[in-house]
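Report on the structure
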Amino acid sequence: MPRVLSTAVTNNNNMASNGLMYDGCNFFRQRLVLSTLSGKNVKIKNIRSRDDEPGLRDFEASFIRLLDKVTNGSRIEINQTGTVLFYQPGLLYGGSVEHDCNPQRSVGYYLEALLMLAPFMKTPLKATLRGVTNDSTDPTVDLLKSTAVPLMKKFGIDGEAFDLKVVKRGMAPGGGGEVVFTCPVHKTIRPVQLTEPGKIKRIRGVAYSVRVSPQMGNRIVESARSILNQFLPDIYIYTDHMKGANSGKSPGFGLTLVAETLNGCFLSAEMSSTPQGQGDPVLPEDLGRNCAKLLLEEVYRGGCVDSSNQSLALLLMTLGQQDVSKVLLGPLSPYTIEFLRHIRDFFQVMFKIEVQKPLDDERKVMAGGFARR
């Protein structure tokens, strides 16, 4: 599989107007987050205008309320049917924020946006988010803590106050989880040269379970190791079984795996059980094996950033100092491709993309390779 090398290049063509207009509900978060960071107004029309239930969904309205809490002076106008949204961003203020996330989407849906916004606040951010912490749709809190946080540290966003903590777990559909995210203010973003991922040196993971037998976690670990031990001996998967008030309102289990390379890059994969009352139940053994295979697929894709954090890396490159940053990525996801288009619209920054040569014969089987001891 080819890899993609991206380099940020500034294009100084000024836009004719200060506002942007989009059509449809796709990439809703991208547009509002980039609007907030760039200070440009955005108008989104025809939001599910042909659906039986037109307009914004509850989780999107909840996301708008969260943006309103972390900014000061934002102006939000929504028409009566909810199919047209006008957003005039205010000042990114920060401070202490508490938000009850809509259970239709997990906390990761909201947290991904906060990770992009938090370093640029006026005051340090302390956000307490409540809702579903782990589901199969959005990145879980465990995955973001293991991959997004180390990635941001490479750009110079760190400090003792930079932390992401799971206080309570909450599985879909009931939720009941709680997450605390703290981030200090950073005025400058360090340019990076992430072009050599290196071979995989170790794999870490978390097998979590709530309101089910603690044995579920052990069964997940055994099945995942049966796949991964064929490639690497240094594997440690923690079991996290929360009880009582910390276990949320719904039963469930899941697995998050993170592979660390010799050069400090992190590649991740995750799976969680089917929500209670929705679809066919999944066995913990199948979940562990499938998640391990997903991690191998992510390693095969290659790059210094995994597919779930490509857009975060590109945003930090865009907002960094006036210096060229380089990041090696695997194949771009459709979400990332649209994110590049939006960065061009909001910041007039374009990326130079170079495709690397095909892999040599020695590394055909596993693109990232594994460091054997």
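Look above for the structure.
Below or above, wherever it landed, is the structure these notes cover. (Residues numbered from 1 in each chain as written. Predicted model: local features only at pLDDT ≥ 70, side-chain atom pairs only at ≥ 80, totals over all residues. Heavy atoms only, no water.)

Some words on the pairing of strand S16 (residues 266-272)
Sheet topology places strand S15 (residues 252-261) next to S16; seven bridges connect them, and they run antiparallel. Pairing of alanine 259 across the sheet is with leucine 267, part of S16. (Pairing = 2+ DSSP bridges. Helix = DSSP H or I, 4+ residues; strand = E, 2+ residues; numbered from the N terminus.)

Notes on the sheet that holds strand S14 (residues 235-242)
Pairing within the open sheet is mixed, and its four strands lie in the order S14-S13-S15-S16. The open sheet terminates on both sides in strands that have one partner only, identified here as S14 and S16. Taken pair by pair, the neighbouring strands of this sheet meet at an average axis angle of 15°, ignoring direction. In terms of strand pairing, strand S13 (residues 200-210) meets S15 through ten bridges, oriented antiparallel. The residue of S15 that forms the bridge with tyrosine 208 is glycine 254. Contacting S13, S15 and S16, helix H4 (residues 141-154) runs over the sheet at an angle of about 165° to S16. Of the strands in this sheet, S13, S14 and S15 touch helix H5 (residues 215-228), which is tilted by about 165° from S14. (Axes fitted to C-alpha atoms, helices over the stretch in contact; angles between N-to-C directions. Contact = heavy atoms within 4.5 Å.)

Side note on the environment of serine 226
Checked against the element boundaries, serine 226 lands in helix H5. Along the sequence, serine 226 and arginine 289 sit 63 residues apart, while their C-alpha atoms lie 7.7 Å from each other.

A few points about the packing of helix H3 (residues 107-117) against H4
A packed helix pair is summarised by two numbers, namely the angle formed by the two axes and the spacing between the axes. Interaxial distance between H3 and H4 falls to 11 Å at its minimum, and their mutual angle equals 10°. Taken together, the axis directions place H3 and H4 in an arrangement best described as roughly parallel. Together, Val107, Gly108, Leu111, Glu112 and Leu115 of H3 and Val141, Leu144, Ala148 and Met152 of H4 make up the contact between the two elements. Grouping the constituent residues of the contact of H3 with H4 by class yields seven nonpolar, one polar and one charged. (Parallel < 35°, antiparallel > 145°, perpendicular 65-115°, else oblique. Nonpolar A, V, L, I, M, F, W, Y, C, P; charged D, E, K, R; others polar.)

Quick word on the packing of aromatic side chains
The relative placement of two aromatic rings is captured by the distance of their centres and the angle of their planes. Enumeration over the complete set of coordinates arrives at nine aromatic pairs. Aromatic pair phenylalanine 59 and tyrosine 109: ring centres 5.5 Å apart, planes at 85°, arrangement edge-to-face. Of this pair, phenylalanine 59 sits in helix H2 (residues 58-70) while tyrosine 109 is found in helix H3, placing the two residues 50 residues apart along the sequence. Note on phenylalanine 59: relative accessible area 10%, which makes it buried. Overall, the relative accessible area of 4% leaves tyrosine 109 in the buried class. Between the aromatic rings of tyrosine 236 and tyrosine 238, the centroid separation amounts to 4.8 Å while the plane-to-plane angle is 65°, which identifies the pairing as edge-to-face. Judged by relative accessible area, tyrosine 238 falls into the partly exposed class, the value being 46%. The cationic tip of arginine 105 hangs over the ring face of phenylalanine 59; the distance from NZ or CZ to the ring centre is 5.1 Å. (Phe/Tyr/Trp six-rings, centres within 6.5 Å; stacked < 30°, edge-to-face > 60°. Buried < 20%, exposed > 50% of the residue type's maximum accessible area, 1.4 Å probe, protein only. Lys NZ or Arg CZ within 6 Å of the ring centre and 35° of its normal.)

Read these as layout, nothing more, since geometry by itself doesn't imply function.
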